Amino acid sequence: MTAIPINGNAIAERIRARVARDVALLKTQRDITPGLAVVLVGNDPASSVYVKTKARQAQAVGLKSQQFLLPVHVGETELLTLIEELNSDDSVDGILVQLPLPGHIDSWRVLEAIDPSKDVDGFHPYNVGRLAAGRPALVPCTPLGVVHLINTVVSDLKGLDVVVIGRSNIVGKPLAVLLGDAGCTVTGAQLQTRNLPDLCRNADIVVSAAGYAGLVRGDWLKPGAIVIDVGINRAIDSTGAPKLVGDVAFAEAIKRAGYITPVPGGVGPMTVAYLLANTLNAAVSRRGLQLSIDHERDQVQSSCHRAQDRAADLQAAT
Ligand code: NAD
């Protein structure tokens, strides 16, 4: 068996096209241009690339995109003042603070200062709690992207066994909630987990978000399993050039899985696409509006839907 690659670039492109169409509708119908503010502290090269990509794609779909580039030694108070200003600015619908922040800044203090209705990363405890309780919430972008990718190859997730490797606030924990709401039996694995290979061998779906290159081996997989690789790890290719690899030993896994996401070109583009969708949805939701299009048939995913509804919506989107 050779697995079918899941093309995250192509799927993300379709999401961006829907966001662009809905942003244009919002402009025509209500004269509103949703705004995304991205805050970067310092000049970490990887973070700078992520921020530029987010800003470029936001502009490309018609969002008003602003970047706030602060020096690495900026004080926490100064950063909190900026967040307050963005909270009060009605032209800003989404606020994203690029993580990690430098050590002298309390990241939680900053994340908790963001207005939850503008928290397009879905990291504020208000949104985390509402997601866990099955209430409307802004949901983290990577888990939304992962569920969407899975739904492109299997429409009904009910009863499927899933192993999610990693339990960070950004990926593993919210993803486990979304998949549980979709009817999966979710095993959350982490560094301390025993018998990880055996757990994976029994899983219909394996999602790895560990940040450990080559962790998931081919012989850990049930034949035909769906494998979603969230990991992004820096490695060196055979010519000595730098390259990015995932957590999954791709060459082995592709011989055994049914479907597999590549790195790069799998989950990564979905994360940015859902940031744009979250910004649009925040703009709509904050104003108590609905776009006059059929969201059931042909929609951008509303990250403000009930969490239980989300998986069903995602199926309809593909
Ligand atoms: P994190 O370091 O916060 O969490 C990692 C989790 O994986 C922890 O729960 C840890 O216990 C677990 N883990 C680590 N090594 C393990 C092992 N050997 N066996 C079992 N569990 C193990 O990381 P994070 O922020 O969730 O990111 C995880 C990976 O996903 C990183 O490579 C990151 O770069 C990548 N990532 C990618 C995207 C994307 O858009 N593609 C988005 C977010 C994170």
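Here the structure is a predicted model, which means the values were calculated and not measured. (Residues numbered from 1 in each chain as written. Predicted model: local features only at pLDDT ≥ 70, side-chain atom pairs only at ≥ 80, totals over all residues. Heavy atoms only, no water.)

**Observations concerning the sheet that holds strand β1 (residues 4–5)**
- One open sheet holds the six strands; their spatial order is β1-β11-β8-β7-β5-β6, and the pairing between them is parallel. The sheet is open, and its two edges are formed by β1 and β6 (185–189), each paired on a single side.
- Sheet topology places strand β5 (residues 161–165) next to β6; five bridges connect them, and they run parallel. What sits directly across from valine 163, in β6, is threonine 187.
- The strands touched by helix α7 (residues 172–181) within the sheet are β5, β6 and β7 (205–208), with β5 carrying the most contacts at an inclination of about 170 degrees. (Pairing = 2+ DSSP bridges. Helix = DSSP H or I, 4+ residues; strand = E, 2+ residues; numbered from the N terminus. Contact = heavy atoms within 4.5 Å. Axes fitted to C-alpha atoms, helices over the stretch in contact; angles between N-to-C directions.)

**Section: the pattern of salt bridges**
- Applying the stated criterion across every chain, the model contains 12 salt bridges.
- Among the salt bridges present, the one from arginine 21 reaches aspartate 22, with a minimum N-O distance of 3.2 Å.
- Residue classification places aspartate 22 among the buried residues on the basis of a relative accessible area of 0%.
- The shortest N-O distance in the salt bridge between aspartate 93 and arginine 286 comes to 2.9 Å. Residue aspartate 93 is located in the loop between α3 (76–88) and β4 (94–97), and its partner arginine 286 is located in helix α10 (residues 267–286); the two are separated by 193 residues in the primary sequence.
- For arginine 286, a relative accessible area of 25% corresponds to the partly exposed category.
- Salt bridges here are not isolated pairs; linked through shared partners, they connect Asp90, Asp93, Arg286 and Arg287. (Salt bridge = Lys/Arg side-chain N within 4 Å of Asp/Glu carboxyl O. Buried < 20%, exposed > 50% of the residue type's maximum accessible area, 1.4 Å probe, protein only.)

**Comments concerning unusual backbone geometry**
- A cis amide bond, omega 0 degrees, links leucine 99 with the succeeding residue proline 100.
- Inspection of the secondary structure assignment puts proline 100 in the loop between β4 and α4 (107–113).
- Note the cis peptide between valine 263 and proline 264, where omega equals 0 degrees.
- Here aspartate 31, not a glycine, exhibits a phi torsion of approximately 55 degrees, which is positive.
- Position of aspartate 31 among the secondary structure elements: in the loop between α1 (8–30) and β2 (35–41).
- Phi angles above zero are rare outside glycine, and asparagine 195 is one such case at about 55 degrees.
- Counting through the fold element by element, asparagine 195 comes out in the loop between β6 and α8 (196–201).

**Describing the nonpolar core**
- In this structure, Ile150, Leu157, Leu179, Val207 and Ile228 are the most contacted members of the largest nonpolar core, which totals 56 residues.
- By residue number, the principal contributor to this core is α10, which donates 11 residues.
- If we ignore the near neighbours within four places in the chain, the residues touching isoleucine 150 are Leu157, Leu179, Ile205, Val207 and Ile228.
- One finds Ile83, Leu86, Ile95 and Ile105 within the second-largest nonpolar core, a separate group that totals 19 residues. (Core = buried A, V, L, I, M, F, W, Y, C linked by side-chain atoms within 4.5 Å.)

**Comments concerning the confidence of the model for the protein chain**
- For the protein chain, the average pLDDT comes to 92, and 91% of its residues sit at 70 or higher.
- Mean pLDDT per element in the protein chain: helix α11 (residues 307–316) is the minimum at 39, and β5 is the maximum at 99.
- Low pLDDT, under 50, characterises residues 293–318; the predicted model gives this stretch 78 contacts beyond four residues in sequence or across chains. (pLDDT = per-residue confidence, 0-100.)

**A word on the pairing of strand β8 (residues 226–229)**
- Here β8 shows no split at all, with Ile226 and Ile228 on one side and Val227 and Asp229 on the other all buried.
- Bridging between β7 and β8 involves four bridges; their strand directions are parallel. The partner of valine 206 across the bridge, within β8, is valine 227.
- Here β8 runs beside strand β11 (residues 259–260); their pairing, made up of two bridges, is parallel. Counterpart to isoleucine 226 in the pairing with β11 is tyrosine 259.

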